Amino acid sequence: MCALLLAAPLAAAAGGPTVEVSKVQAGTGSSITVSGTGWRPHTLLMMLVCGQAAPSRGVIGGTNSCANADGRAVTTDANGHFGKQLPVAEPPVPCPCVVHVATVTGATADADAAFQVAGHPVKALPAESTGGRLSMLTDTRLDGSSGLLTWFGAPPSRTLVFTIGNAGSSTLKDPVFQVGTAHGVFAPEWDEQQWRGTLAPGKKAQVELPVELSAGAHGDYTVSLRYDGKVLAEQPWGVGRPWGVTLFWILLCVVVPAAVFRIGMAVVDRVRPPRGHRGQRRPTFHVPRLRAAQPAPATTSTLPWFTPDTDPGAAPGRLTAPHDDSPASPTTPTTKGPT
């Protein structure tokens, strides 16, 4: 297998951060004082006891080889110094062990100090490869953009792009990287991804590795790249809030109560009794129809000496035969006999 960590630990670099411990060996249950210099001012650091590690090679297995539950956080002062007590705990893998200090936020920096956990098993480190040597030639970047589905809560995804080179004397074939995603100050979750390709000595190649978060993720994330147990680069990633999900819940809270209200009113209209006295039907009144008076049929006289115009049974208003209804005139002489 051709894999070799290229960069020397920052603790050994001139002017880089350093770590010192008050005791080089201690048993579980005790504590030691960890101090450091050369760190960035006002920077949050994490201190861990890690196994399968050495100051010259770093922590080979990453944070999975550390006693993470017993770690401690510390913040440097204005001069980049710190000092704090660290409880001694057994790491999940055998020693040789170190006290590993690394930055939590910002630019990556770490340093190790040799330490021995008394009574903890010891196992030799795996042999270093003398073949190809991988180096980072460019900074990492995240390519891609969020689509409409991401706005409704789909998992955000990007492509981590960087360029590597082979500074060794043999060929690198199918190197395995670890891509980690961390939210805020939490530790990253690592995912192994293998790059399919062959890199000859002195050659370089562009590597593209997919990165995906969980559904509905939003906020400030950090994407880390690790190779052979050493963090090579970190890339910030600001993920927008999926406002489509918020809009969906707002509409749901409005539409569902309105629908329930309409259904309830329809049920009430169907089951409630008619208006009036409870349990009784409203009385029904029948108004008799008034028929228009029909005129009596006209009678026709059959008397031969009356014409239709002088018929006594003719309709009112028609002329009748003349007759004298006036009393006897006083001037009319009358013949009277002797009294």
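See the structure shown above.
Everything numeric in this text was worked out from a predicted model, so none of it was measured. (Residues numbered from 1 in each chain as written. Predicted model: local features only at pLDDT ≥ 70, side-chain atom pairs only at ≥ 80, totals over all residues. Heavy atoms only, no water.)

**Q** Looking at this model, I keep getting lost on the overall build of the chain. Mind explaining?
**A** Of the regular secondary structure elements, the chain holds two helices and 20 strands. In the chain, buried positions account for 31% of the 339 residues. Considering only contacts within the chain whose residues lie at least 6 apart along the sequence, 68% involve residues at least 24 apart. By element, 58% of the accessible surface of the chain is carried by carbon and sulfur atoms, the whole surface being about 22100 Å². (Helix = DSSP H or I, 4+ residues; strand = E, 2+ residues; numbered from the N terminus. Buried < 20%, exposed > 50% of the residue type's maximum accessible area, 1.4 Å probe, protein only. Contact = heavy atoms within 4.5 Å. Areas by Shrake-Rupley, 256 points an atom, 1.4 Å probe, with all protein chains shown as cover.)

**Q** Is there a simple way to think about the packing of aromatic side chains in this case?
**A** Geometry of an aromatic ring pair is reported as the spacing of the ring centres plus the angle between the planes. Across all of its chains, the model carries three aromatic pairs by this definition. On the basis of an interplanar angle of 70° and a centroid distance of 6.2 Å, the ring pair of Trp39 and Phe82 is categorised as edge-to-face. Of this pair, Trp39 sits in the loop between strand E3 (31-37) and strand E4 (44-50) while Phe82 sits in strand E8 (residues 82-87); the two residues are 43 residues apart in sequence, bridging distant segments of the chain. The two residues Trp39 and Phe82 agree in class, both being buried. Considering the side-chain rings of Phe177 and Tyr227, the 5.4 Å spacing of their centres and the 45° angle between planes classify their relative orientation as tilted. Within this pair, whereas Phe177 is found in strand E15 (residues 176-183), its partner Tyr227 is found in strand E19 (residues 219-227), the two being separated by 50 residues in sequence. Assigned by exposure class, Phe177 and Tyr227 land together as buried. The rings of Phe162, Phe177 and Tyr227 are connected pair by pair, giving a single aromatic cluster. Lying across the ring of Trp190, Arg226 places its NZ or CZ 3.9 Å from the centre. (Phe/Tyr/Trp six-rings, centres within 6.5 Å; stacked < 30°, edge-to-face > 60°. Lys NZ or Arg CZ within 6 Å of the ring centre and 35° of its normal.)

**Q** Looking at this model, I keep getting lost on unusual backbone geometry. Mind explaining?
**A** Where the residue is not glycine, phi is negative for most of them; where a peptide bond is considered, it is trans in most cases. With an omega of 20°, the peptide bond between Cys95 and Pro96 qualifies as cis. Following the sequence through the fold, Pro96 ends up in the loop between E8 and strand E9 (97-103). Backbone geometry at Gln52 places phi at a positive 50°, although glycine is not the residue there. On the basis of relative accessibility, which here comes to 14%, the residue Gln52 falls in the buried class. The phi torsion at Asp174 lies on the positive side, around 50°, for a residue other than glycine. Along the chain, Asp174 falls in the loop between strand E14 (172-173) and E15.

**Q** I tried to follow the state of the cysteines on my own but got confused; where do I start?
**A** Cysteine pairs can be covalently joined through their sulfur atoms, and such a bond is termed a disulfide. This structure, assessed with the given rule, holds two disulfides. The connectivity of the disulfide bonds within the chain can be written as 1-2, 3-4, using the sequence rank of each bonded cysteine. (Disulfide = S-S within 2.5 Å.)

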